[in-house]
Structures are given as C-alpha cells and as structure tokens.
Amino acid sequence: MPEGHTLHRLAKLHHQRFAGGVVRVSSPQGRFAEGAALVDGRTLVRAEAWGKHLLHHYDSGVAVHVHLGLYGTFTESAGPLGDPVGQVRMRMVGAGRADAQLYGADLRGPTACEVLHQPEVAALTARLGPDPLRRNADPSPARDRIRRSARPLGALLMDQKVLAGVGNVYRAELLFRHGISPHRPGRELSPAEWDELWADLVELMRVGVRRGKIVVVRREHDHGAPSYTEGKPRTYVYRRAGDPCRLCGSTVLHSVLDGRNLFWCPSCQPS
C-alpha cells in the first residue's frame, strides 16, 4: 500500500497541473459516473493529502476523496489523451492556466473514489492522527495516545488514528534506526524517544516526497549492497527476513502483527 509520501507527491503534482483551471472529470469504467458528473467542468481549487488520503477540492465546495489502497494507481500523461485503457475509475483532464500544458490523469483500482461535502471531509480528517508531512502538524496527540497505550509500538505507528501516512516500511525502518523493539508497549516510550522518532520521521518522509522513493539507510551504512539498486527501497530490515542485519550481522526476524508483516533485528532492537 502506498505510504504518505506517495500521496503528498500526487497532491503536489495534481495541484501544479490542474489547480486554478477547469477540469473535465469522467468515469470511463462507470463506477464513479455520478460523482464525476458533480465535479465535471468545475474549477479545481487545490489538491492536498492527509496521510494516505488524497483530496481534490473544487469551487463548488465539494471534494473528490481518493484512497489508493493496495491496488490503486494514477497514470499521468500530457494531453490530448487517447481512449482509456483498462478499468479507469476516474479520468481528469485539464490545465491549471489558460496557457498551461494540458494534462490527464487516469485512476485505476482505488479502494475509495467518492465525492465528499465539507462536513464529511472534516469528519474524515478528524479521524486521522497528525501527518508528519503537513505543515505545522502537532505531534502531541500522537505522543499522548502512544504513551497511554499498552499496545506494541509496531502496531501503534501503523494505526492511522495515531499517525497518518505511516506504512509498513517507515514503521520498520524508523524503529530500527532508533534501536527500539516493535514489541515494546507504547507506554514505555519516553518523551525524549518520541521527540527523536517524530523528528526523524518528518525528515525521512520529506526525503520520500523529494525523491519519490523511500530512502532510510544512513550514508555511513550504505555499502552498495544489491538491494540498494535504483528503484528499490533502501532499507535496513524491511523485507529482509532471514538476511544478516546490515549493522550487527544477526538474522533479521519476521512475524505478523495486526495482520501486517513485521521485520526487526533482535540484537539492534532488543525487547
């Protein structure tokens, strides 16, 4: 499932290409036909991301909400567009300014693609924890929820009601970088440790937005291993079960926590 940096990159791209101009919205597949009709021909005011949720706000006061889920993707291309290929849930075509390049975006396979009114948008965002990528995000609600909880940190960091936008890769790598076991109860995390986790998470996710991929390995630990090749996540433990830890040589372990794969080094992240 795409993590928060992917949605923020999409929001930035869509805002640059479509905001300020009239957007033609359709549903070639037909499953979003009614929603598309509500925003077709309207002006896109802004595009933004909250965690793993993408929102397109239109001048009529409604927003199109997209959650990509496991299989959702946007295909972007310069206009004019050809006939849709595959099951295109939503097609957007427009230019932010009269003299701007025409662009199109085809959405396939999302978990959610729906029109929301502003009270519904407010209810959606109110359910989410602070997003490390949003300007002036307040981390204190996440800190308080974590330090009141007996649940393991590995579960809390993935709970979108606690932190918005953090997925499996950032969860595993953040805890490794700070030598914290994913099984440690949240209430055992010190305020100083939380401050360090939050600051590091903000920086790592900003790198993800800039580079379009997750990069978490510190320069002093980058030895040019095969898994560091272009196009693959640069990780310490994620999807490395059974391999030696890059720092200590211990075997990277794997288990399932709350239905999601969990990776950690038992030596660098002692329980």
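Computed from a prediction, not measured in an experiment: that's the story for all the values here. Throughout this description, residue numbers start from 1 for each chain and increase along the sequence as written. Note on the predicted model: pLDDT of at least 70 is required for a residue's local features to be given, and 80 or more for side-chain atom pairs to be given and counted; whole-chain, interface and lining totals, by contrast, use all residues. Side-chain descriptors were evaluated using all non-hydrogen atoms of the structure, hydrogens and water having been removed beforehand.

Trainee: If you had to explain the UniProt feature "domain: Formamidopyrimidine-DNA glycosylase catalytic" (unreviewed entry) in the chain to someone new, which residues and values would you point to?
Mentor: UniProt positions are given in the numbering used here, feature names are shortened, and annotations may be inferred rather than shown by experiment. Residues given the UniProt feature "domain: Formamidopyrimidine-DNA glycosylase catalytic" (unreviewed entry) here are residues 2-94. Numbering of helices and strands runs from the N terminus; a helix is a DSSP stretch of H or I covering at least four residues, while a strand is a stretch of E covering at least two. Helix and strand shares over residues 2-94 are 24% and 41% respectively, and the end C-alpha atoms of the span are 25 Å apart.

Trainee: How would you sum up the nonpolar core? Please name residues and give values.
Mentor: Throughout, nonpolar core names a set of buried Ala, Val, Leu, Ile, Met, Phe, Trp, Tyr and Cys residues whose side chains join them through atoms within 4.5 Å. Burial here depends on accessible area, computed with a 1.4 Å probe over protein chains only, as a share of the maximum for the residue type. Under 20% is buried, over 50% is exposed, and the range in between is partly exposed. Counting residues in hydrophobic clusters, the biggest one holds 35 residues, and the most contacted among them are Ile146, Leu163, Tyr170, Leu189, Trp194, Leu201 and Val237. The element that contributes the greatest number of residues to this core is helix 7 (residues 191-211), accounting for eight residues. Excluding anything up to four places from it in sequence, leucine 163 contacts Gly129, Pro130, Ala142, Leu157, Trp194, Trp198 and Leu201. In this structure, Leu10, Val39, Val66 and Leu107 belong to the second largest nonpolar core, which totals 24 residues. Contact definition: two residues touch when any of their heavy atoms are within 4.5 Å.

Trainee: Quick rundown of the side chain of threonine 235? Include the residues and the values.
Mentor: Along the chain, the position of threonine 235 falls in the loop between helix 7 and strand 9 (253-257). Of the residues examined, threonine 235 reaches a relative accessible area of 5% and is grouped as buried. Pairs of N or O atoms within 3.5 Å make up the polar contacts considered here, provided that, within protein, one atom can donate a hydrogen while the other can accept it, and that residues adjacent in sequence are counted only when both atoms are side-chain atoms. Separated by 3.4 Å, the side chain of threonine 235 and the backbone oxygen of tyrosine 238 make a polar contact.

Trainee: Residue-level account of the environment of leucine 44, with values.
Mentor: Locating leucine 44 in the fold gives a position in strand 2 (residues 42-50). C-alpha of leucine 44 to C-alpha of glycine 21: the two residues are 23 residues apart in sequence and 6.1 Å apart in space.

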